[in-house]
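If you want the building blocks of each chain, they are given just below.
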Amino acid sequence: MDYITAGEAAKKWNVSGRSITYHLKAGRIPGAVKKGKLWLIPTNAERPADKRRSGNALSEPIPTLSDDLIHVFAAAATPMPVHKPDAILDNIEQGGIRLIYEAELAYLRGDFKRVMNCYDKTLGDDAVRLRICPIAIAAAISMGDYHTYTQIDAYLKGYLKADTDRKIRATAELALATAAVSVIAPNMAPDWLKTGDLNAILPQARPNAIYLRVKYFSCIGKADVMLALAQTALSLSSPESGITMTDIYLRLTCAVSCYALEQKDEAKKWLLSAMRLALPHGLVTPFSENVTALGGIIEQCLEEEFPDAYKLVMEQWERTWKNWITFHNQFTKDNITLILSLREYHLAVLVARRVPYFKIAKQYGISVGRLKNIMLEIREKLFLSNREELEKFIL
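Criteria and thresholds
Residues numbered from 1 in each chain as written. Predicted model: local features only at pLDDT ≥ 70, side-chain atom pairs only at ≥ 80, totals over all residues. Heavy atoms only, no water. Helix = DSSP H or I, 4+ residues; strand = E, 2+ residues; numbered from the N terminus. Rg over C-alpha atoms; globule rule 2.2 N^0.38 Å. Areas by Shrake-Rupley, 256 points an atom, 1.4 Å probe, with all protein chains shown as cover. Lys, Arg positive; Asp, Glu negative; His and termini not counted. Charge placed at Lys NZ, Arg CZ, Asp CG, Glu CD. Pairing = 2+ DSSP bridges. Axes fitted to C-alpha atoms, helices over the stretch in contact; angles between N-to-C directions. Contact = heavy atoms within 4.5 Å. Disulfide = S-S within 2.5 Å. Buried < 20%, exposed > 50% of the residue type's maximum accessible area, 1.4 Å probe, protein only. Phe/Tyr/Trp six-rings, centres within 6.5 Å; stacked < 30°, edge-to-face > 60°. pLDDT = per-residue confidence, 0-100. Core = buried A, V, L, I, M, F, W, Y, C linked by side-chain atoms within 4.5 Å. Salt bridge = Lys/Arg side-chain N within 4 Å of Asp/Glu carboxyl O.

**Side note on the overall build of the protein chain**
Phase 1 of the analysis: Counting its secondary structure elements, the protein chain contains 21 helices and three strands.
Phase 2 of the analysis: What you see for the protein chain is a C-alpha radius of gyration of 24 Å, in line with the 21 Å of a compact globule of 395 residues.
Phase 3 of the analysis: Dimensions of the protein chain, computed from C-alpha atoms along their principal axes, come out at roughly 75 × 55 × 35 Å.
Phase 4 of the analysis: When the accessible surface of the protein chain is totalled, it reaches about 19300 Å², and 50% of it is carbon and sulfur.
Phase 5 of the analysis: Looking at the protein chain, you have 50 positive and 44 negative side-chain charges, and the mean spots of the two groups are 5 Å apart.

The following block contains the structure:
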């Protein structure tokens, strides 16, 4: 007999992965067998009926995607053991939750292809896929894989267009915000990230949402606000024992903000606290991502305390940093009319085409001085330094 996995069955029958698990545990799929932690379903099995008696719903109703999200985020909120993070995988029976931890560990170790492998395996389990999307987006950026990113982007935006459930929309927006702040396009961040209104975010996802808000303030150059928010988040969400991905990154953002505020000793303390959590387990990615932001401090700390990790961190930085820059340029270019107003975009095109400032100013009824100020604001929004970069970007 031929079999398919539970994830493949979920896709075939257009139901959530948790619904399939519910039916399997209830024995409603004839011929299904469990091999270790994996359920196998006969390829010719029929979708179980939602058996409801007249006037009486089932005692345990089939969960909705919103229910699934709550379950998935809660199940994946357990910190990894501090002395052996991979041990978390031995304690998880549910395949989807295991994929989340596998993806996090793979990302932290720079194994971005494995992250995408985990993402691909979530097909048919939308709750798990939505939870993994931020990690998959970051992996796609690190690999410079813009095509894969656009596929994930389209998947997430499909929920924004079609689904009115607030939790689902907020979860999709949270993943999309990862791209916006990671490639330094803060204008693309959702309003709730800018204002700090996290009411729609699932409680277990709020530490990550706060981290993204910290990154947003980094993008707009507010290091003092960034530091205060990161320290507050750590005091509220840092686990008493264990490691979380967010905890490592929050410590690093404290280091980056201290460095920007010229508090180099404090920056080094925060950096070392993150390194001592992560580097003994080969979790190098957070540091390779921040080499340029910390102006030589990462190299110094690696040489002094973690010489064995020096090569791993720096080689990954050399491989991936150019991809993040290229991604930023492509991302902002593709979304330029969302980042700039239509008027700003038209002005940028004229300036890029070397139309004299006095002619543009006359056409738009403004002074040359005002036009120069507008162009400065436009370049700041696009993170460009001069007219030559603007020309290359626009044309």
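**With respect to the pairing of strand S3 (residues 38-42)**
Phase 1 of the analysis: In this sheet, S3 lies alongside strand S1 (residues 3-5) in antiparallel orientation, the contact comprising three bridges. Bridge pairing in S3 places Ile4 opposite Ile41.
Phase 2 of the analysis: By the bridge criterion, three bridges tie strand S2 (residues 33-35) to S3 in an arrangement that is antiparallel. Looking at S3, one finds that Lys35 is bridged to Leu38.

**Focus: the sheet that holds S2**
Phase 1 of the analysis: Reading across from one edge, S1-S3-S2 is the order of the three strands in this open sheet, with antiparallel pairing throughout. The sheet is open, and its two edges are formed by S1 and S2, each paired on a single side. Each adjacent strand pair in this sheet contributes to an overall mean axis angle of 40 degrees, direction not counted.
Phase 2 of the analysis: Each of S1 and S3 is contacted by helix H1 (residues 6-13), which is oriented at about 90 degrees to S1, the strand it contacts most.

**Observations concerning the state of the cysteines**
Phase 1 of the analysis: Under the definition given, this model contains zero disulfides.
Phase 2 of the analysis: With no disulfide of its own, Cys118 has Cys133 as its nearest cysteine by sulfur position, at a separation of 13 Å.
Phase 3 of the analysis: Using a relative accessible area of 3% as the deciding quantity, one classes Cys118 as buried.
Phase 4 of the analysis: As a non-bridged cysteine, Cys258 has Cys254 as the owner of its nearest cysteine sulfur, 6.5 Å distant.
Phase 5 of the analysis: The buried category is assigned to Cys258, whose relative accessible area is 2%.

**Focus: the packing of aromatic side chains**
Working definition: an aromatic ring pair is given by the centre-to-centre distance plus the angle between the planes.
Phase 1 of the analysis: Scanning the entire structure with this criterion turns up eight aromatic pairs.
Phase 2 of the analysis: A centroid spacing of 5.5 Å and a plane angle of 50 degrees characterise the contact between Tyr211 and Tyr249, whose relative ring orientation is tilted. Of this pair, Tyr211 sits in helix H10 (residues 206-219) while Tyr249 sits in helix H12 (residues 245-260); the two residues are 38 residues apart in sequence, bridging distant segments of the chain. Like Tyr249, Tyr211 is buried.

**Re the side chain of Thr178**
Phase 1 of the analysis: Take Thr178: it is sitting in helix H8 (residues 166-182).
Phase 2 of the analysis: On the basis of relative accessible area, Thr178 is assigned to the buried category, the value being 8%.
Phase 3 of the analysis: Look past the residues within four positions of Thr178 in its chain and what remains in contact with it is Pro134 and Leu212.

**Some details on the confidence of the model for the protein chain**
Phase 1 of the analysis: Chain-level pLDDT for the protein chain is 89 on average; 96% of the residues reach the 70-or-more range.
Phase 2 of the analysis: Confidence drops under pLDDT 50 across residues 52-59; counting only partners more than four residues distant or on other chains, this segment forms eight contacts.

**Remarks on the nonpolar core**
Phase 1 of the analysis: Core analysis: the largest hydrophobic core is formed by 107 residues, its most contacted members being Tyr107, Leu156, Leu271, Met275 and Phe287.
Phase 2 of the analysis: By residue number, the principal contributor to this core is helix H6 (residues 126-143), which donates twelve residues.
Phase 3 of the analysis: Residues in contact with Leu271, not counting those within four places in the same chain, are Leu252, Ala255, Phe287, Leu294, Ile297, Ile298 and Cys301.
Phase 4 of the analysis: In this structure, Ala348, Val349, Ala352 and Met375 belong to the second largest nonpolar core, which totals 21 residues.

**Examining the environment of Leu229**
Phase 1 of the analysis: Positionally, Leu229 belongs in helix H11 (residues 223-237).
Phase 2 of the analysis: For Leu229, a relative accessible area of 22% corresponds to the partly exposed category.
Phase 3 of the analysis: The residues touching Leu229, leaving out its near neighbours within four places in the chain, are Ile210, Arg213, Val214 and Phe217.

**Brief notes about unusual backbone geometry**
Residues other than glycine predominantly adopt negative phi, and peptide bonds predominantly adopt the trans conformation.
Phase 1 of the analysis: If you check the backbone angles, Ile184 has positive phi at about 60 degrees while not being a glycine.
Phase 2 of the analysis: Take Ile184: it is sitting in the loop between H8 and helix H9 (191-195).
Phase 3 of the analysis: Positive phi is not limited to glycine here, since Phe383 has a value of about 55 degrees.
Phase 4 of the analysis: Inspection of the secondary structure puts Phe383 in the loop between helix H20 (368-382) and helix H21 (387-394).

**A look at the pattern of salt bridges**
Phase 1 of the analysis: Considering all chains together, one arrives at twelve salt bridges under this definition.
Phase 2 of the analysis: We note a salt bridge from Arg354 to Glu391, for which the minimum N-O separation is 2.4 Å. Highlighted residues: Arg354 in the loop between helix H18 (342-352) and helix H19 (357-364) and Glu391 in helix H21, separated in sequence by 37 residues.
Phase 3 of the analysis: By sharing partners, the salt bridges in this structure join Arg354, Glu388 and Glu391 into a single network.

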